[in-house]
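Descriptive analysis of the structure
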Amino acid sequence: MRNLFRNFLNLFFPDLCVVCKERLSEGELHICTDCLFLLPKTNFHLQPDNRLEQFFAGRIPFQHIAAYAYFVKGGSIQSVIHELKYQRNPKIGNFIGELCGENIKDSDFIASIDYLVPVPLHPKREKQRGYNQSLEICKGISKVTGIAIDNETLIRKVNNKSQTKNSRFDRWKNVEDIFQLTDTETFKNKHILLVDDVITTGSTLESCAKELLKCDGCRISIYAVGTAG
């Protein structure tokens, strides 16, 4: 009965690919097969000293840094991130997280990770959106890899303004000292994978990492769905 009702709804309100907006075929979820095939993957997780690692070199101590795909204006990953952040669709976060997990699960990049840690949202911002998009991505990665998520030890204590229109310097100042650890023992001698949706200037991730490094022996790697192409 439920399938009949779903099929009836699909006649009038078909599920569309978030990238090309074409109707999804049976068995497809969120992104059609053609668009999935064309996602501009970076494969940075297989490349030591990749472009992102060079970008962060000297800013923070890290083990590895990678992103799933290139984020370009008008491109497929921009469509996915827009759907996730602004269209109240957390399921797309789970879905793209699973794609990320499948992409890195058998690589050295993820082999020694103890916890997945999403970049936190302030509680007010999370309440407005209804969820933390980075946490939804983590859920997908965790489902594939089996790695535990810690969403409580690193918190955002300041509800700072949106970074969208800020310069590089203003972005850095906007996120300075806005994160806080609830304890320094959970991540002691652990390897953390800090997860975000998109890496632009890296200022938010840098601020998170500096707080995490207050834990003795903590090692940090960084992963995002998208990075500037």
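Reference entry: report on the structure contained in this document. Please read these numbers as outputs of a predicted model, since none were measured by experiment. (Residues numbered from 1 in each chain as written. Predicted model: local features only at pLDDT ≥ 70, side-chain atom pairs only at ≥ 80, totals over all residues. Heavy atoms only, no water.)

1. Digging into the pattern of salt bridges
In total, this model carries 7 salt bridges according to the counting rule given. Close ionic contact of D197 with K85 constitutes a salt bridge, the shortest N to O distance being 3.5 Å. Highlighted residues: D197 in strand β6 (residues 191–199) and K85 in helix α4 (residues 76–86), separated in sequence by 112 residues. Ionic pairing is found between E206 and K210, a salt bridge with its closest N-O pair at 3.3 Å. In this pair, E206 and K210 are both assigned in helix α10 (residues 203–212), 4 residues apart and thus about one turn of the helix distant. Put simply, R59, E206 and K210 are held in one network by salt bridges that share partners. (Salt bridge = Lys/Arg side-chain N within 4 Å of Asp/Glu carboxyl O. Helix = DSSP H or I, 4+ residues; strand = E, 2+ residues; numbered from the N terminus.)

2. Concerning the side chain of E206
By relative accessible area, E206 is classed as buried at 8%. A polar atom in the side chain of E206 sits 2.9 Å from the side chain of R59. (Buried < 20%, exposed > 50% of the residue type's maximum accessible area, 1.4 Å probe, protein only. Polar contact = N/O pair within 3.5 Å; in protein donor to acceptor, adjacent residues only side chain to side chain.)

3. As for the environment of R59
Here R59 shows up in the loop between α3 (51–56) and β1 (65–71). Its relative accessible area of 25% is what places R59 among the partly exposed residues. Sequence separation between R59 and G202 is 143 residues, and the spatial gap between their C-alpha atoms is 9.7 Å. Those residues in contact with R59 that lie beyond four places of it in its chain are T201, G202, S203, E206 and K210. (Contact = heavy atoms within 4.5 Å.)

Shape is all these values report; function is a separate question.
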